[in-house]
Amino acid sequence: MSRNSSFRVLYDKYQVWIHCLLVVIVAVVLCWLSMLFMDFWTNHGKVEVVPNVVGLNYMNAQDILDAKDFDVEIDSIYDKQAKYGQVLAQSPRADEVVKFGRTVYLKINSTHPEVVEINENLLHVSSMQAQNMLVALGFSRIKINEIIGENDDEVIEVKSNGKQVLVGTKLPVTAEIVLTVTYTPSEKMYVDTMSVDMANIILKDSILQEEFVSDIIN
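The structure displayed is predicted, hence computed values, not measured ones.

(A) The sheet that holds strand β11 (residues 177-183), seen in detail. With mixed pairing, four strands are arranged side by side in an open sheet as β7-β11-β8-β9. Where the open sheet ends on each side, the last strands, each with one partner, are β7 (142-148) and β9 (163-164). Sheet topology note: the β7/β11 ladder contains seven bridges and is parallel. By the bridge assignment, K143 is partnered in β11 with V178. Running over the sheet, helix α4 (residues 127-137) touches β7, β8 (154-160) and β11 and is turned about 165° from β11.

Have a look at this one:
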């Protein structure tokens, strides 16, 4: 029997197993090639030390991070104590060893204060409630203007820069807000604000009444 005939007989006998073996070999080769490609594409094993960019202007920080092939994403907040465009925080932190090409997140100081929307009704609540609502939204410049009214400690008007503030009004968090709050005068307040002449008249009438009653008894 020739060699070709022997191979043919062997192939016919183990055809299924040979095909399975070939499939496995092809799969292994493909996996190996894929891993090589992924290593090349993702710079597998290559790391970088994150530079410290906190305190820098965001444009300078961007240049430094770009030079090391980091991706950069920026978010902003408003801090009146910091310079405009200054990097306030970064993640990952400085000197961390990270994968090559990782994204570095920067939080910078906005060039304009944050604008927020008044989402709750500030009218007909107590002055403390209204102030707590405003502080929760980020406002800090809050003034109280008291006037006499029917109800004690009731907010009846809210203004900023002379304009009414209602639900849906949008204001920068640095805006000054004035709450007009009512109070009811008590008897003590009435006595405290009474003129000296009026007090003397009331006192004199009281003394005369006591003398009149004393004369009748005697």
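Picking up after the structure, the text goes on.
(B) A look at a nonpolar patch on the surface. A cluster of nonpolar side chains, contributed by L21, L22, I25, V26, V29, L30, W32 and L33, occupies part of the molecular surface with about 780 Å² of accessible area. Mapped onto the elements, L30 comes out in helix α2 (residues 15-42).

(C) Fine view of the nonpolar core. Core analysis: the largest hydrophobic core is formed by 18 residues, its most contacted members being L122, L134, F139, V155, V158, I177 and L179. Put simply, the parts of the chain that give this core at least two residues each are α4, β8 and β11. With sequence-adjacent residues up to four places away left out, V155 is seen in contact with L122, L123, H124, V125, S126, S127, A130, L179, T180 and V181. In terms of nonpolar packing, the next biggest core, distinct from the first, is built from 11 residues, V53, V72, V104 and I108 among them.

(D) Highlighting the sheet that holds strand β2 (residues 71-77). Strand order in the open sheet formed by three strands is β2-β5-β3, and the pairing between neighbours is mixed. Of all the strands in the sheet, the pair left with one neighbour each is β2 and β3 (87-91). Across the sheet, the axes of successive neighbouring strands diverge by a mean angle of 20°, strand direction being ignored. Two elements, β2 and strand β5 (residues 103-109), share seven bridges in a ladder whose sense is parallel. For S76, the partnering residue across the bridge sits in β5 and is I108. Seen against the sheet, helix α3 (residues 58-67) touches β2, β3 and β5 and runs at an angle of roughly 160° to β2.

(E) Here's a closer look at unusual backbone geometry. In this structure, the amide linkage connecting S91 to the following residue, P92, adopts the cis form with an omega of 0°. Inspection of the secondary structure puts P92 in the loop between β3 and β4 (97-99). Positive phi, normally seen in glycine, also occurs at H124, with a value near 60°. In this fold, H124 is placed in the loop between β6 (115-117) and α4. Classification of H124 by relative accessible area gives exposed; the value is 56%.

(F) Representation of the side chain of S126. In this fold, S126 is placed in the loop between β6 and α4. The class of S126 is buried, set by a relative accessible area of 18%. For S126, the side chain forms a polar contact with the main-chain nitrogen of Q129, separated by 3.2 Å. Setting aside residues no more than four positions away along its own chain, S126 makes contact with D153 and V155.

(G) Representation of the pairing of β11 within the structure. Buried residues dominate β11, accounting for five of its seven residues. For β8 and β11, the ladder comprises five bridges, and the chain directions are antiparallel. For E157, the partnering residue across the bridge sits in β11 and is T180.

(H) Main features of the environment of S140. Within the element layout of this structure, S140 appears in the loop between α4 and β7. Separated by 34 residues in sequence, S140 and T174 place their C-alpha atoms 7.2 Å apart.

Conventions adopted
Residues numbered from 1 in each chain as written. Predicted model: local features only at pLDDT ≥ 70, side-chain atom pairs only at ≥ 80, totals over all residues. Heavy atoms only, no water. Pairing = 2+ DSSP bridges. Helix = DSSP H or I, 4+ residues; strand = E, 2+ residues; numbered from the N terminus. Contact = heavy atoms within 4.5 Å. Axes fitted to C-alpha atoms, helices over the stretch in contact; angles between N-to-C directions. Patch = residues over 30% accessible without salt bridge, like charges linked within 9 Å, V, L, I, M, F, W, Y side chains within 5 Å. Areas by Shrake-Rupley, 256 points an atom, 1.4 Å probe, with all protein chains shown as cover. Salt bridge = Lys/Arg side-chain N within 4 Å of Asp/Glu carboxyl O. Core = buried A, V, L, I, M, F, W, Y, C linked by side-chain atoms within 4.5 Å. Buried < 20%, exposed > 50% of the residue type's maximum accessible area, 1.4 Å probe, protein only. Polar contact = N/O pair within 3.5 Å; in protein donor to acceptor, adjacent residues only side chain to side chain.

These figures capture arrangement, not role.
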